Amino acid sequence: RNFGDGTRFQRLVNDLLRAHLAGRGRIVPFEKPQDGGFDGHFDGDFQGVRGQFRIQATFQAPSPEQHKKQVANLTEKVVEEAHRLKTGESHLLFVTNADLRESEWKELQDAGTEAGIPTIVMPGAEVEGLLRDYPHVAAKYFPDAVCSFVDIETWLAGTGLDLESEPPLAPRLGSFAGKLLA
């Protein structure tokens, strides 16, 4: 999937995490220039771990022929971010669009933890999974996706929301709202 660039990926990650972690804590997205290189802060429970997390969303332009080099660069980035983390957070949540094997993301987690901060890595496959789980976020970033209508309809059915009595939803869903109300 084309995530665009680092800034767009950062915003996507914050929106996905906001949707995914609703009710389990508070996310504060950071924007440049005051973000200090980090992309957000989360205080709450993530994957069974409770604490204060610094969020780092790192975009890698897909390049299968450069995969090993990209993993090495990501490892350096995790260690760098772990060393920079001196603001009181207890964990680093490192999110990347890179397609990582399980051994590779565990290597990244270990590198951050060994550098001094417990690190949780969310690889590209997990980001894709969140896009499927939260199609309203996917529709915001990928409005031309072929499957978005079906995914949003399925997701809305599980929310218990009634589009007829929730008119503020219609503008946020754009063209999908008319199809759902038809």
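Residues numbered from 1 in each chain as written. Predicted model: local features only at pLDDT ≥ 70, side-chain atom pairs only at ≥ 80, totals over all residues. Heavy atoms only, no water.

Draft legend 1. Main features of the sheet that holds strand β4 (residues 91-96). An order of β1-β2-β3-β4-β5 is seen for the 5 strands of this open sheet, with the pairing classed as mixed. Among the strands making up the open sheet, the edge pair consists of β1 (25-29) and β5 (119-122). The sheet shows a mean angle of 25 degrees between the axes of neighbouring strands, direction not considered. Sheet topology note: the strand β2 (residues 40-46)/strand β3 (residues 49-58) ladder contains 7 bridges and is antiparallel. Looking at β3, one finds that D45 is bridged to R50. In the packing of helix α2 (residues 67-84) onto the sheet, the strands contacted are β3, β4 and β5, and the crossing angle to β4 comes to about 150 degrees. Across the sheet, helix α4 (residues 124-133) is in contact with β4 and β5; its angle to β5 comes to roughly 65 degrees. (Pairing = 2+ DSSP bridges. Helix = DSSP H or I, 4+ residues; strand = E, 2+ residues; numbered from the N terminus. Axes fitted to C-alpha atoms, helices over the stretch in contact; angles between N-to-C directions. Contact = heavy atoms within 4.5 Å.)

Draft legend 2. Fine view of the packing of aromatic side chains. Tallying each qualifying case throughout the model produces 3 aromatic pairs. Judged by centre distance (5.9 Å) and plane angle (35 degrees), the rings of F42 and F53 are tilted. Of this pair, F42 sits in strand β2 while F53 sits in strand β3, placing them 11 residues apart in sequence. Each member of the pair F42 and F53 is classed as buried. For the pair F46 and F53, a centre-to-centre distance of 6.1 Å together with 70 degrees between the ring planes defines the contact as edge-to-face. On the basis of relative accessible area, F46 is assigned to the buried category, the value being 1%. Cluster of aromatic residues (ring-pair linked, three or more members): F42, F46 and F53. In this arrangement the basic side chain of R8 is found over the ring face of F142, its NZ or CZ atom lying 5.0 Å from the centre. (Phe/Tyr/Trp six-rings, centres within 6.5 Å; stacked < 30°, edge-to-face > 60°. Buried < 20%, exposed > 50% of the residue type's maximum accessible area, 1.4 Å probe, protein only. Lys NZ or Arg CZ within 6 Å of the ring centre and 35° of its normal.)

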